[in-house]
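Fold and geometry: a report
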Amino acid sequence: MRSERDARGWSQADAVRVMRAKSSHNLPTDSTLLRNWRRWESGESRPDDFYAPIIAAAFDTVTAAFFPKARPNRDDEVLSATGMDTLEFIGRLRMSDVSPATLDAIRITAERLCCEYSYADPHELHAEGTGWLRRITSLLDGRLTLAQHRDILVLAGWVALLVGCVDYDLGRRTAAEATRRAAYSLGVEAENAEITGWSVEMAAWFALTQGNYRGAIDAVDQVLGVSQNLGVGVQLAAQRAKAWARLGDRHQVEAALDQGRAILERIDHPINLDNHFVVDPQKFDFYAMDCCRVAGEDRRAENYANEVIRNATRADGTVRNPMRVSEAHLTLAVVAVRNRDLELAVDEGLRAFAGKRRSLPSLMWIAGEAAREIIARYPGDPRTRVYFDQLRSLSNE
């Protein structure tokens, strides 16, 4: 709380006034709130369920991100939990009568694939994903109940979304768009609003990284209205905020971030935060970081970037979300160059490029924005050339 307050240049009394302005409830007197605030900041007590959402709103974030709960554990070997090895899976998939156990096994596999997105080798994940997509869709040729038919469409939809994301990470735009459209069709046929919503979110992501900001907004506007109680609605609102940030409309940025925060407050806290298609409440800092950097709010952007890196790093030092961390380092690079510290800016940029798991279009997009900041201030400096050489080598991969 103190860090967020300091980043905005607020006194404790200022924070209390903002807290009151953000609340729709009748609050105690300012003096009482100020005493409470001092106890909260000192760690003497923790805000209860009444005050926590109001404090989070005062800092333009959500309760689960500002006051995170303990991260649920996940068995990394989820596949083994089914008691079946891969050969047994395939044997069951070839049976004409699909059993509930087979569908459960495929459901676990689809979940595992989506959980491996953030760290797995993209080529290997793509190969395994497309293999399972063929196996899953082949079941549609068999004799199925209506419920089984819908379940298989849903499972195929999730795996198709994953394959499309990996295609785009690898720079395969045409294949990614074709797979995204296929996932959308599967979502429509299965009447699954989450799958259709994520397929549209992917369209907005593609448009953003290609500089088509109006196109990203138009894509989101197709489905945001029907995604107000779904996790994907948060991601859609975030993409909308990123687009408006680059178009220079701060009012629309704040409106989109507020909309995403409101959705997060309504939905249940997710059980499995590793799944790429589950919105992690702490990712709200990641969205805000991007918008603050683009808007030139350097202190807030730096604060958010450090939080993103901290939350994405395990106790043993390994990184849980390497792609988020890379963009956070690029944010720190932009803040550094604006503070006339080119040495630090280049160092942070090279850290961003060093990650093994990358979404190349997203990384090149943000790295390109950082490059423009560097070249504008230090066009002839040899250290600028070091950054650009690394950026060029990245683009040639």
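Thresholds, definitions, all that
Residues numbered from 1 in each chain as written. Predicted model: local features only at pLDDT ≥ 70, side-chain atom pairs only at ≥ 80, totals over all residues. Heavy atoms only, no water. Salt bridge = Lys/Arg side-chain N within 4 Å of Asp/Glu carboxyl O. Buried < 20%, exposed > 50% of the residue type's maximum accessible area, 1.4 Å probe, protein only. Helix = DSSP H or I, 4+ residues; strand = E, 2+ residues; numbered from the N terminus. Axes fitted to C-alpha atoms, helices over the stretch in contact; angles between N-to-C directions. Parallel < 35°, antiparallel > 145°, perpendicular 65-115°, else oblique. Left-handed = near helix turned anticlockwise from the far one by under 90°. Contact = heavy atoms within 4.5 Å. Nonpolar A, V, L, I, M, F, W, Y, C, P; charged D, E, K, R; others polar.

1. Observations concerning the pattern of salt bridges
- For the structure shown, the criterion picks out 33 salt bridges.
- Across the pair E116 and R112 runs a salt bridge whose closest N-O atoms are separated by 3.2 Å. Accessibility assignment for this pair places E116 and R112 in one class, buried.
- Linked by salt bridges that have partners in common, K22, D60, R250, E254, E297 and R300 make up one network.

2. Some thoughts on unusual backbone geometry
- One non-glycine residue, D60, adopts positive backbone phi at about 55°.
- Among the secondary structure elements, D60 is positioned in the loop between α4 (51–58) and α5 (63–66).
- Here D60 falls in the buried class, since its relative accessible area comes to 16%.
- Although it is not a glycine, R340 sits at a positive phi angle of roughly 65°.
- Residue placement: R340 occurs in the loop between α17 (322–338) and α18 (342–353).

3. Considering the packing of helix α9 (residues 146–169) against helix α10 (residues 173–190)
- Viewed as axis vectors pointing N to C, α9 and α10 meet at an angle of 160°, and their least axial separation amounts to 8 Å. Here α9 lies roughly antiparallel to α10, going by the angle between them. When the axes of α9 and α10 are compared, the crossing they make is left-handed. Here α9 contributes H149, R150, L153, V154, A156, G157, A160, L161, V163, G164, D167 and Y168 to the contact with α10, which in turn contributes R173, A175, A176, T179, A183, L186, E189 and A190.
- Taken together, the residues of the contact of α9 with α10 break down into 12 nonpolar, 4 polar and 4 charged.

4. Some words on the packing of helix α11 (residues 193–209) against helix α19 (residues 360–377)
- Running from N to C, α11 and α19 cross one another at 40°; their axes reach a closest spacing of 9 Å. Classified by the angle between their axes, α11 and α19 sit oblique to one another. Read as a crossing pair, α11 and α19 show a hand that is left-handed. Counted together, W205, L208 and T209 of α11 and P361, S362 and W365 of α19 form the full contact between these two elements.
- Class assignment of the residues belonging to the contact of α11 with α19 gives a composition of 4 nonpolar, 2 polar and no charged.

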